[in-house]
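The residues making up each chain are set out below.
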Amino acid sequence: MNSIQFDYSKICNFISKEEISALYPQAHQALKNLKNGTSKGNDFLGWLDLPANITPEHLEDIEKTAADLRARTQVLVVIGIGGSYLGARAVIEALSNSFHSYDKAAMKVIFAGHNIGEDYYHELMAYLNDKEFSLCVISKSGTTTEPAIAFRLLKDLLESKVGKAEAGKRIVAITDASKGALRTLADREGYKTFIIPDNVGGRFSVLTPVGLLPIAVAGFDIEKLVAGAADMEKACALNVPFAENPAALYAATRNELYKNGKKIEILVNFNPKLHYI
């Protein structure tokens, strides 16, 4: 398997390889601070070792839940905002056939809870009215306005279509381990639940159930996805030589460019599948 390579050859007209290499001690120290948890924001560093800490049993639980939703329904609506849906959407869009949305037989994963547009929800509910659908609601608190509105609307629609008991089997809540409005509701209604780790921020959550469950429902191999992430975790480890460590090389290069007045960075791709990346 080929891993991601960092090629900085095209910027050597602006800064030299020697200038980049001179930042090795600072890059190494920054990485060491991250690994030791002594940097700023150290209460949200769960993403650092997340790939290596995902157990086979955890993946199996997610895959089993995804298989059950696929067997029961045609459409999964993922309800979340910001990092609670963008990671999953980015992966699904990147891996899907460009015209998968036109395949009537394929399982659909669609998104709600990231806006309060009345047209959006009117059209979404009209679309779902004759579909067998399920819900994945993602929120640590359960009180964020946009997801809370979407969940209330779609939960009522689902219960009116299939009854409260069957609806309970089609709703998965990804939330806090012990507190919050969504945790209370999920426990009371008996929803299947997964936990958002306290030390993983929303925008880093794609390798938690927040991202892995929708990706699995969409039909992609989350075991391979996690294995690839674990390979990159190793490739960016503290003991990897500077010249072979893509994270350290990128950080040093970016900082040297910044020091030389190059303060604007643009992430560009020409593949429509990578739009959300």
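Refer to the structure printed above.
Residues numbered from 1 in each chain as written. Predicted model: local features only at pLDDT ≥ 70, side-chain atom pairs only at ≥ 80, totals over all residues. Heavy atoms only, no water.

This part is about the packing of helix α6 (residues 118-128) against helix α7 (residues 145-162). Taken N-terminus to C-terminus, the directions of α6 and α7 make an angle of 25°; their axes are 11 Å apart at the nearest point. Taken as axis vectors, α6 and α7 run roughly parallel relative to one another. As α6 runs across α7, the sense of the crossing is right-handed. Only Ala150, Leu153, Leu154, Leu157 and Lys161 of α7 make contact with α6, whose side of the interface consists of Tyr121, Leu124, Met125 and Leu128. (Axes fitted to C-alpha atoms, helices over the stretch in contact; angles between N-to-C directions. Helix = DSSP H or I, 4+ residues; strand = E, 2+ residues; numbered from the N terminus. Parallel < 35°, antiparallel > 145°, perpendicular 65-115°, else oblique. Left-handed = near helix turned anticlockwise from the far one by under 90°. Contact = heavy atoms within 4.5 Å.)

A contiguous nonpolar patch, built from Ile264, Ile266, Val268 and Phe270 and spanning about 570 Å² of accessible area, is present on the exposed surface. Tracing the backbone through its elements, the reader meets Phe270 in the segment after α12 (246-259). Take Phe270: its relative accessible area is 82%, and that puts it in the exposed class. (Patch = residues over 30% accessible without salt bridge, like charges linked within 9 Å, V, L, I, M, F, W, Y side chains within 5 Å. Areas by Shrake-Rupley, 256 points an atom, 1.4 Å probe, with all protein chains shown as cover. Salt bridge = Lys/Arg side-chain N within 4 Å of Asp/Glu carboxyl O. Buried < 20%, exposed > 50% of the residue type's maximum accessible area, 1.4 Å probe, protein only.)

Moving on, we get to the side chain of Ser205. Here Ser205 is to be found in the loop between β5 (192-195) and α10 (209-217). What makes Ser205 buried here is its relative accessible area of 3%. There is a polar contact of 3.4 Å between the side chain of Ser205 and the backbone oxygen of Gly83. (Polar contact = N/O pair within 3.5 Å; in protein donor to acceptor, adjacent residues only side chain to side chain.)

The next subject is a negative patch on the surface. The grouping of Glu57, Glu60, Asp221 and Glu223 at the surface amounts to a negative patch. Residue Asp221 is classed as partly exposed on the basis of its relative accessible area of 39%. (Lys, Arg positive; Asp, Glu negative; His and termini not counted. Charge placed at Lys NZ, Arg CZ, Asp CG, Glu CD.)

What follows deals with the packing of aromatic side chains. Inspection of the entire model under this criterion finds 7 aromatic pairs. Ring centres 5.6 Å apart and planes at 85° place the aromatic pair Phe6 and Tyr250 in the edge-to-face group. Residue Phe6 is located in the segment before α1 (17-22), and its partner Tyr250 is located in helix α12; the two are separated by 244 residues in the primary sequence. For Phe6, a relative accessible area of 28% corresponds to the partly exposed category. Exposure remark for Tyr250: the relative accessible area of 35% places this residue in the partly exposed category. Members of the aromatic cluster, joined through ring pairs, are Phe6, Tyr8 and Tyr250. Between Lys131 and the ring centre of Tyr127, over which it is positioned, the NZ or CZ distance is 4.1 Å. Over the aromatic face of Phe194 sits the side chain of Lys192, whose NZ or CZ is 4.9 Å from the ring centroid. (Phe/Tyr/Trp six-rings, centres within 6.5 Å; stacked < 30°, edge-to-face > 60°. Lys NZ or Arg CZ within 6 Å of the ring centre and 35° of its normal.)

If you walk across this open sheet you meet the 5 strands as β2-β1-β3-β4-β5, and the pairing is parallel. Edge strands, defined here as strands with exactly one partner in the open sheet, are β2 (108-112) and β5. Averaged over all adjacent pairs, the angle separating strand axes in this sheet is 20°, with direction ignored. Packed on one face of the sheet, helix α4 (residues 56-72) meets β1 (75-79), β3 (133-138), β4 (171-175) and β5 and runs near 140° to β5. Of the strands in this sheet, β1, β2, β3 and β4 touch α7, which is tilted by about 155° from β3. (Pairing = 2+ DSSP bridges.)

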